[in-house]
Amino acid sequence: MAVSSSRAGFARPLWQRVSRLVTSLLSLLVTLVGLLAFTFMLSHLSPVDPVQQIAGDHASEATYAQVRHDLGLDQPVLVQFWRYISHLARGDLGLSHLTNQPVSADLLRTFPATLELATCAMIFAAVFGVALALLAAWKPGSIIDNVARFISLLGYSVPVFWLGLLGLLLFYAVLHWSAGPGQLDDIWIYTLEPRTGFVLIDSWLSGDPEMFRNAIAHLWLPVVILGLLAMAGITRLLRAALLEESSKEYVILARAKGAGRGRILLRHIFPNVLGTLITVIALSYATLLEGSVLTETVFAWPGVGRYMTNALFSSDVPAILGATLLIGSCFILLNAVADALTWLTDPRTR
């Protein structure tokens, strides 16, 4: 009986872990299917007629009917949805009417620029946001705490496109600290060999230090402008979590034993809010990927955001749906990664 009880006690946590993993995977699958259904619904609710875009305004009825049949729009909705998923499984997102290229090829060309911009902005936001939140929680009510709250309010309230225009006016037109819009100057952009799609890496691999410095000069301003948006959220939420954790009994006990405020903050409080920080960073990163539209438009950054903006202006439905599906998938996957990391780092969630 003792051995049986011991085995049951060992097997039960393992079963709970497997059950949680299966539940998480099923939830991820259902969310992805929901995203597919949403983009499919958008394509049918769009006021733009895809048949007319392909056949033209002066096509005959026979040509119109033939194009409609080729696109499968004369079939039942469920059949169309299954065909839509089948095409996606093969990487077929349709043909862009703006570039006359497959949407998948356009996204492969533009997504590295967005990923590079969002990643650099996220690194900037995470480093300075976490540091500012720790300093604010270390001395609540101090000048640093007031600065942290002001930056959080600024990042939430000021439109990012306005900050971008103001940054270009000040740092590019007046002070000449920034190289201006785009990824590179014209003298470099046509000589750069696109190996990875990331301009910093490609300019570094080119062996030309001037090109690399020019890439940094173009990148730092949009990174700071976009990073302020994520930095505001990280600072605000992490500061609130640290202050809330500071009022708990184990912190009071540690202070009573003579532990210093900095040691308590870094050794005891910060590990307990690490799960919250991981979730905030992951969601902020996803927000930067989907929220870079205005920043890329202001700085003429050739990423998915600018590609989607041009597609919206030209009513390019396949390009809009492809970009929406890509950004939505990134958001879902980052959320799943955040849940997994939180589960690994915080025993309270197991």
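Residues numbered from 1 in each chain as written. Predicted model: local features only at pLDDT ≥ 70, side-chain atom pairs only at ≥ 80, totals over all residues. Heavy atoms only, no water.

As recorded in an unreviewed UniProt entry, the protein goes by Peptide ABC transporter permease and comes from Pantoea wallisii. Taken verbatim from the UniProt record of the protein, the Sequence similarities (unreviewed entry) comment is "Belongs to the binding-protein-dependent transport system permease family." (UniProt positions renumbered as here; feature names shortened; annotations may be inferred.)

Our next topic: the overall build of the protein. Regarding its fold elements, the protein presents 16 helices and zero strands. For the protein, the spread of C-alpha atoms along the principal axes amounts to about 85 × 75 × 40 Å. Buried positions account for 37% of the 350 residues belonging to the protein. Once local pairs closer than 6 in sequence are excluded, the contacts in the protein between residues at least 24 apart make up 71%. In the form shown here, the protein has an accessible surface area of approximately 19900 Å², with 68% of it arising from carbon and sulfur atoms. (Helix = DSSP H or I, 4+ residues; strand = E, 2+ residues; numbered from the N terminus. Buried < 20%, exposed > 50% of the residue type's maximum accessible area, 1.4 Å probe, protein only. Contact = heavy atoms within 4.5 Å. Areas by Shrake-Rupley, 256 points an atom, 1.4 Å probe, with all protein chains shown as cover.)

Its place among the elements puts Ser19 in helix H1 (residues 2–45). Residue class for Ser19 comes out partly exposed when judged on its relative accessible area of 32%. In this structure the C-alpha to C-alpha distance between Ser19 and Glu210, which are 191 residues apart in sequence, comes to 55 Å.

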